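# Observations on the model geometry
Spelled out, the chains give:
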Amino acid sequence: MKGFEAGSDAHKRFFCRQFVETHQVFDPECLPWPDLSDEDLAKLRAVPFWQEVYHTERRAGAIVDAFTPQIADPVVREAVAVQGYEEARHARLIRVMIDRYGLDAHPQPIEEFPADLETAFIDFGFGECLDAFLGFGAFKTARQSRFLPEAMFEIFDVLMFEETRHIVFFINYMAWRERRRGLGKTRRTLKSLHFYARAGQRLLGMVRRGQEPNDGRDFAVTQTNLFLDGFSFKGFVEDCYRENARRMTAFDPDLMQPRLLPGIADLALKGLNIWDKGRPFLRLSR
C-alpha cells in the first residue's frame, strides 16, 4: 500500500482523498431516463419493493448525516460528509424514478436512531457491504435476462458504482478506526463477523417480509424471484464473486478492499465443486 501501514495517518489521508476526488457530479433528474413500453412499465411496477428501497436510501443518508458532526478528524469528516450527500442523492434518484414511471411508493417516517450513532453507522456500513455483494450477482442476472431495457441498467449502474465506492471507503475507514484502537487482525475479523451476522439477520427479516404481498425490503435478494428461471445457488454465488472482483478493478489497487465476504464465497464455491465431483461416487457407492 504505497509504503504506508494500513490504519496509519498516511493511509487515512490516502483513502479519504481518493473518495472525495472520485465523487461524481450529476443531477438525478437530468439522467437519460428512457421511455418504457407498456410491457416494461408493467414489469417495473410489479417489482414489490420500491417502497422499501426508497425508505432504505433515505434512512442511509440520514444516518450518515447524523453521524458526520461527531467525527473529530476533519479529513475523515469531510469524506463521510460526501458519502452522506451521495446517499441522499440515491434517494432522490429513486424518487425521480418513482415519479417518472408511476411506481407505488411514498415517503415514510424515518425511525429514531440510537444514541450511539457510530455503531449505527458501522451497522449500516456492514449491511451495505453485504447488500452490495449480493446485489452484484442479482444485478448481473437481471441485466443478462434483459428484465428491463439496457438504458435502465445504465442508470442503475450509476448507483452500483457509488455503492461500490462506499463499501471500499467503509472497509478502509474501519481498518483505520480499529488500528487506532489497537485491534489486531484476528480481533478485527471477529468483529467483522459479528457485524456481518447482524446484517445477515436483518437481511433474513427483509426476505421474510418480501414474501408478503407488495412488500420487500432488499433489492439484492427479493428481486431474483421476478426473473430467475432455473435458479442455481452455486451460479448465483459465482456471479456475486466474479462481479465483485470485476467491479473492484475500478479502484486504486492500493486501497483496501472487502476480503471477508469474497473469501467466504470462494470457500463455499470450492466446497460445492468438491460436492459436485463426489456426487457420482456417492450414488455408485449406495
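Just so it is clear, the structure is predicted and the values come from calculations on it, not from any experiment.

## Some points on helix α5 (residues 117-144)
The end-to-end C-alpha distance of α5 is 39 Å, a good match for the 40 Å that 28 residues give at a rise of 1.5 Å each. Along α5, the sharpest kink reaches roughly 30°, centred on Gly135. Downstream of α5 by one or two residues, Arg146 has phi in the positive range, about 55°.

## Re the environment of Ala132
When you line up the elements, Ala132 lands in helix α5. When its relative accessible area of 9% is taken as the criterion, Ala132 is described as buried. Sequence spacing of Ala132 and Ile167 is 35 residues, and the spatial spacing of their C-alpha atoms is 8.1 Å.

## Observations regarding a nonpolar patch on the surface
A contiguous nonpolar surface patch, about 270 Å² in accessible area, is contributed by Leu190, Leu193 and Ile264. Relative accessible area serves as the criterion here: at 43%, Ile264 is assigned to the partly exposed category.

## Describing the pattern of salt bridges
Per the counting criterion, the structure on display carries 17 salt bridges. A salt bridge links Arg89 to Glu162, with the nearest nitrogen and oxygen atoms 2.5 Å apart. Highlighted residues: Arg89 in helix α4 (residues 74-101) and Glu162 in helix α6 (residues 150-180), separated in sequence by 73 residues. Accessibility expressed as a relative area gives 1% for Arg89, which makes it buried. In this structure Glu162 comes out as buried when scored by relative accessible area, which is 0%. For Arg246, the salt bridge goes to Glu243, with nearest N and O atoms at 2.9 Å. Taken together, the positions of Arg246 and Glu243, both in helix α10 (residues 233-248) and three residues apart, correspond to about one turn of that helix. Under the relative-accessibility criterion, Glu243 is labelled buried at 8%. Through salt bridges that share partners, Arg143, Glu150, Asp157, Glu243, Arg246 and Arg247 make up one connected network.

## Some words on unusual backbone geometry
For Arg146, which is not a glycine, the phi torsion comes out positive at approximately 55°. Along the chain, Arg146 falls in the loop between α5 and α6.

## Things to note about the confidence of the model for the chain
Chain-level statistics for the chain give a pLDDT mean of 83 and a share of 80% at 70 or above. Confidence scores differ between elements of the chain, with helix α8 (residues 219-222) showing the lowest mean pLDDT of 42 and α4 the highest of 97.

## Side note on the packing of helix α3 (residues 50-67) against α4
Between α3 and α4, whose axes approach to 8 Å, the crossing angle comes to 160°. One element, α3, and the other, α4, form an angle in the roughly antiparallel class. Crossing angle aside, the handedness with which α3 passes α4 is left-handed. Here α3 contributes Trp50, Val53, Tyr54, Glu57, Arg58, Ala60, Gly61, Val64, Asp65 and Phe67 to the contact with α4, which in turn contributes Val80, Gln83, Gly84, Tyr85, Glu87, Ala88, His90, Ala91, Ile94, Arg95, Met97 and Ile98. Its residues placed into classes, the contact of α3 with α4 shows 13 nonpolar, four polar and five charged.

## A word on the packing of aromatic side chains
Within this structure, the stated rule accounts for 11 aromatic pairs. Geometrically, the ring pair formed by Trp33 and Tyr101 is edge-to-face, given 6.2 Å between the ring centres and 65° between the ring planes. Taken as a pair, Trp33 in the loop between α1 (9-21) and α2 (38-46) and Tyr101 in helix α4 lie far apart in primary sequence, 68 residues in all. Judged by centre distance (5.6 Å) and plane angle (90°), the ring pair of Phe121 and Tyr173 falls under edge-to-face. With Phe121 in helix α5 and Tyr173 in helix α6, the pair connects residues that are 52 residues apart, well separated along the chain. Here Phe121 falls in the buried class, since its relative accessible area comes to 1%. For Tyr173, a relative accessible area of 3% puts it in the buried group. Following the ring pairs from residue to residue traces out a cluster consisting of Phe67, Phe121, Phe126, Phe170, Tyr173 and Trp176. The ring centre of Phe26 lies 3.7 Å from the NZ or CZ of Arg89, which sits over that ring.

Analysis parameters
Residues numbered from 1 in each chain as written. Predicted model: local features only at pLDDT ≥ 70, side-chain atom pairs only at ≥ 80, totals over all residues. Heavy atoms only, no water. Helix = DSSP H or I, 4+ residues; strand = E, 2+ residues; numbered from the N terminus. Expected span 1.5 Å × (residues − 1). Bend = angle between axes of the 7 residues up to and from the residue. Buried < 20%, exposed > 50% of the residue type's maximum accessible area, 1.4 Å probe, protein only. Patch = residues over 30% accessible without salt bridge, like charges linked within 9 Å, V, L, I, M, F, W, Y side chains within 5 Å. Areas by Shrake-Rupley, 256 points an atom, 1.4 Å probe, with all protein chains shown as cover. Salt bridge = Lys/Arg side-chain N within 4 Å of Asp/Glu carboxyl O. pLDDT = per-residue confidence, 0-100. Axes fitted to C-alpha atoms, helices over the stretch in contact; angles between N-to-C directions. Parallel < 35°, antiparallel > 145°, perpendicular 65-115°, else oblique. Left-handed = near helix turned anticlockwise from the far one by under 90°. Contact = heavy atoms within 4.5 Å. Nonpolar A, V, L, I, M, F, W, Y, C, P; charged D, E, K, R; others polar. Phe/Tyr/Trp six-rings, centres within 6.5 Å; stacked < 30°, edge-to-face > 60°. Lys NZ or Arg CZ within 6 Å of the ring centre and 35° of its normal.

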